[in-house]
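Descriptive analysis of the structure
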Amino acid sequence: TMIKKPFNILSIEHVGIAVENLKGISNLFSDILGLEFKGSEEVKDQHVTTDIYNTGNGKVEFIKATTPESPISRFINKRGEGMHHIAFQVDNLQAALDYLRHQGVQLIDEIPRIGAEGFNIAFIHPKSTGGVLIELCEIN
């Protein structure tokens, strides 16, 4: 029997897109599509820089590697530029991770860490999700 799920998904927080270069992105997303540019941020432990755009209902996050060791470098080398992950906002990240692990879901992060915008984040392995990298984030 399924136990009651101890967390809720509140929204799609953002869609992450891996790019080689952030230049020219703002031309389309800001100038042409009219999205609000929220800012750039370096996430040092991930070896990435992110440019975040607000759509009014969820965000689009463009991710560029800052070093060859970055997971984004490896992703682009293997798959090319494109959609990297979908992030869902949850109301209780640790409870979500414990629940998913008990359901046999393969996790990349068993405990939350700090990601862009200071959120607590954790990733679910694409092997468990039909090939899509899923990020769960909790806004503290």
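See above for the structure.
Thresholds, definitions, all that
- Residues numbered from 1 in each chain as written.
- Predicted model: local features only at pLDDT ≥ 70, side-chain atom pairs only at ≥ 80, totals over all residues.
- Heavy atoms only, no water.
- Patch = residues over 30% accessible without salt bridge, like charges linked within 9 Å, V, L, I, M, F, W, Y side chains within 5 Å.
- Areas by Shrake-Rupley, 256 points an atom, 1.4 Å probe, with all protein chains shown as cover.
- Salt bridge = Lys/Arg side-chain N within 4 Å of Asp/Glu carboxyl O.
- Helix = DSSP H or I, 4+ residues; strand = E, 2+ residues; numbered from the N terminus.
- Buried < 20%, exposed > 50% of the residue type's maximum accessible area, 1.4 Å probe, protein only.
- Pairing = 2+ DSSP bridges.
- Contact = heavy atoms within 4.5 Å.
- Polar contact = N/O pair within 3.5 Å; in protein donor to acceptor, adjacent residues only side chain to side chain.
- Core = buried A, V, L, I, M, F, W, Y, C linked by side-chain atoms within 4.5 Å.

**What about a nonpolar patch on the surface?**
Taken together, the side chains of L28, I32 and L33 present a nonpolar region at the surface, about 290 Å² in accessible area. Tracing the chain through its elements places I32 in helix α1 (residues 25–32). We classify I32 as exposed; its relative accessible area is 58%.

**As for the sheet that holds strand β2 (residues 36–43)**
As summarised here, the arrangement of the eight strands in space is β2-β3-β4-β1-β5-β8-β7-β6, forming an open sheet in which the pairing is mixed. The outermost strands of the open sheet, each flanked by one partner alone, are β2 and β6 (113–114). Relative to strand β4 (residues 59–65), strand β3 (residues 48–54) runs antiparallel, the two sharing seven bridges. By the bridge assignment for β4, I52 is matched with E61.

**A look at helix α3 (residues 93–102)**
Inspection of α3 places L93, A95, A96, L97, Y99 and L100 among the buried residues, and these make up the whole buried set. Summarising the contacts, the buried residues of α3 are in contact with β5 (82–90), β7 (120–124) and β8 (133–138). Between the side-chain oxygen at the start of α3 and the backbone nitrogen of A95 there is a gap of 3.1 Å, and the oxygen is on N92. Positive backbone phi, at 85°, marks G104, one or two positions downstream of α3.

**Notes on the side chain of H85**
For H85, the location among the structural elements is in strand β5. A distance of 3.0 Å separates polar atoms of two side chains, one belonging to H85 and the other to H14. With sequence-adjacent residues up to four places away left out, H85 is seen in contact with H14, V15, G16, E61, I63, F123, L133 and E135.

**Some details on the pattern of salt bridges**
Applying the stated criterion across every chain, the model contains seven salt bridges. Among the salt bridges present, the one from K44 reaches E42, with a minimum N-O distance of 3.5 Å. For D98, the salt bridge is made with R101, and the minimal N-O distance between the two is 3.3 Å. Of this pair, D98 and R101 both sit in helix α3, separated by three residues, roughly a single helical turn. For D98, a relative accessible area of 26% translates into the label partly exposed. Three or more residues are tied together by salt bridges with common partners; here these are E13, K38, K59 and E117.

**Examining the nonpolar core**
Grouped burial of nonpolar side chains is what soluble globular proteins tend to show. Counting 12 residues, the largest nonpolar core consists of F7, V90, L93, A96, L97, Y99, L100, L107, A122, I124, I134 and L136. Counting only elements with at least two residues in this core, the list comes to α3, β7 and β8. For this core, the leading source of residues is α3, giving five residues. Ranked by size, the runner-up nonpolar core spans nine residues in total, among them A65, I72, F75 and I76.

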